Amino acid sequence: MNGYGPRPLDGCTGDTSFEQELVSALNDFANNAPAPHFDATGIQRRSRRKRAGLIAGVAAAVAVAGGGTALAAITTSSPDTSSSAAASSTDATTVMISGKKIDMTGWDSGSAKAALVQAGLKLGTVTEKAVPNCKPTSVIGVSPHSPHSVSPGDTINLTLCTR
């Protein structure tokens, strides 16, 4: 028996009073039951909190990964004083032209000469210096170097490594 319509006739003459009361009570309950209450602002607040926690976790993981990379770079530098001095001060191999820095640390002589020509600078004297633990013909110094700024047409001197 249900509250959707009359009961089909199957040999019975009609509903009993209990059945009628039951259907009536079920219909009253269905029509008078309060709608469920959803706390939309609370749900939204909790989802924002979860999202913020996730973003903070990802940011922390990236910071840890980046910090680990920086530590690895620091610990892999050469203990040699001449190499570490060049690595700690990139100004000795950096040309500043019109506020833009060109760091030539470790560049081979051909690439350095091409970059100077492309920047509109002239190549001056090229000297060679014996420095242990460096790649032959790599740039170990430029003159004038950063923080001194040069203009297009100025002359730049290079110092290259020899063993």
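## A few points about the side chain of Ser109
Next, step 1: In this structure, Ser109 sits in helix α4 (residues 109-118).
Next, step 2: When its relative accessible area of 17% is taken as the criterion, Ser109 is described as buried.

## Remarks on the side chain of Thr94
Next, step 1: Relative to the helices and strands, Thr94 resides in strand β1 (residues 94-97).
Next, step 2: For Thr94, a relative accessible area of 3% translates into the label buried.
Next, step 3: Side-chain polar atoms of Thr94 contact the side chain of Asp103, separated by 3.5 Å.
Next, step 4: Dropping the residues within four chain positions of it, Thr94 is found in contact with Lys101, Ile102, Asp103, Val142, His145 and Ser146.

## Comments concerning the sheet that holds strand β2 (residues 100-103)
Next, step 1: The mixed open sheet is built from three strands, whose spatial order is β2-β1-β5. At either end of the open sheet lies a strand with only one pairing partner, and these are β2 and β5 (149-150).

## Side note on the sheet that holds strand β6 (residues 155-162)
Next, step 1: Here three strands make up an open sheet; going across it, the order is β3-β6-β4 and the pairing mixed. Where the open sheet ends on each side, the last strands, each with one partner, are β3 (122-130) and β4 (139-143). The sheet shows a mean angle of 20° between the axes of neighbouring strands, direction not considered.
Next, step 2: Relative to β6, β4 runs antiparallel, the two sharing four bridges. Each residue of the ladder has a partner; that of Val142, found in β6, is Leu158.
Next, step 3: In the packing of α4 onto the sheet, contacts are made with β3, β4 and β6, and the angle to β6 comes to roughly 170°.

## Regarding helix α1 (residues 17-32)
Next, step 1: Helix length check: α1 (16 residues) gives 22 Å between terminal C-alpha atoms against 22 Å at 1.5 Å per residue, within 8%.
Next, step 2: Burial runs low along α1: only one of the 16 residues are buried.

## Examining the confidence of the model for the protein
Next, step 1: Per-residue pLDDT for the protein averages 76, and the proportion of residues at 70 or more is 75%.
Next, step 2: In the model, residues 70-89 has pLDDT below 50 throughout and makes nine contacts with residues more than four positions away in sequence or in other chains.

## Let's talk about the pairing of β1
Next, step 1: Residues of β1 alternate between two faces, with Thr94 and Met96 on one and Val95 and Ile97 on the opposite face, all of them buried.
Next, step 2: As paired strands, β1 and β5 are joined by two bridges and run parallel to one another. The residue of β5 that forms the bridge with Met96 is Ser149.

## What about the state of the cysteines?
Next, step 1: Enumeration according to the criterion identifies one disulfide in this entry.
Next, step 2: At a sulfur-sulfur separation of 1.4 Å, the disulfide partner of Cys134 is Cys161. Taken together, the residues Cys134 in the loop between β3 and β4 and Cys161 in strand β6 connect sequence positions 27 residues apart. No difference in accessibility class separates Cys134 from Cys161, as the two residues are buried.

Cut-off values and rules
- Residues numbered from 1 in each chain as written.
- Predicted model: local features only at pLDDT ≥ 70, side-chain atom pairs only at ≥ 80, totals over all residues.
- Heavy atoms only, no water.
- Helix = DSSP H or I, 4+ residues; strand = E, 2+ residues; numbered from the N terminus.
- Buried < 20%, exposed > 50% of the residue type's maximum accessible area, 1.4 Å probe, protein only.
- Polar contact = N/O pair within 3.5 Å; in protein donor to acceptor, adjacent residues only side chain to side chain.
- Contact = heavy atoms within 4.5 Å.
- Pairing = 2+ DSSP bridges.
- Axes fitted to C-alpha atoms, helices over the stretch in contact; angles between N-to-C directions.
- Expected span 1.5 Å × (residues − 1).
- pLDDT = per-residue confidence, 0-100.
- Disulfide = S-S within 2.5 Å.

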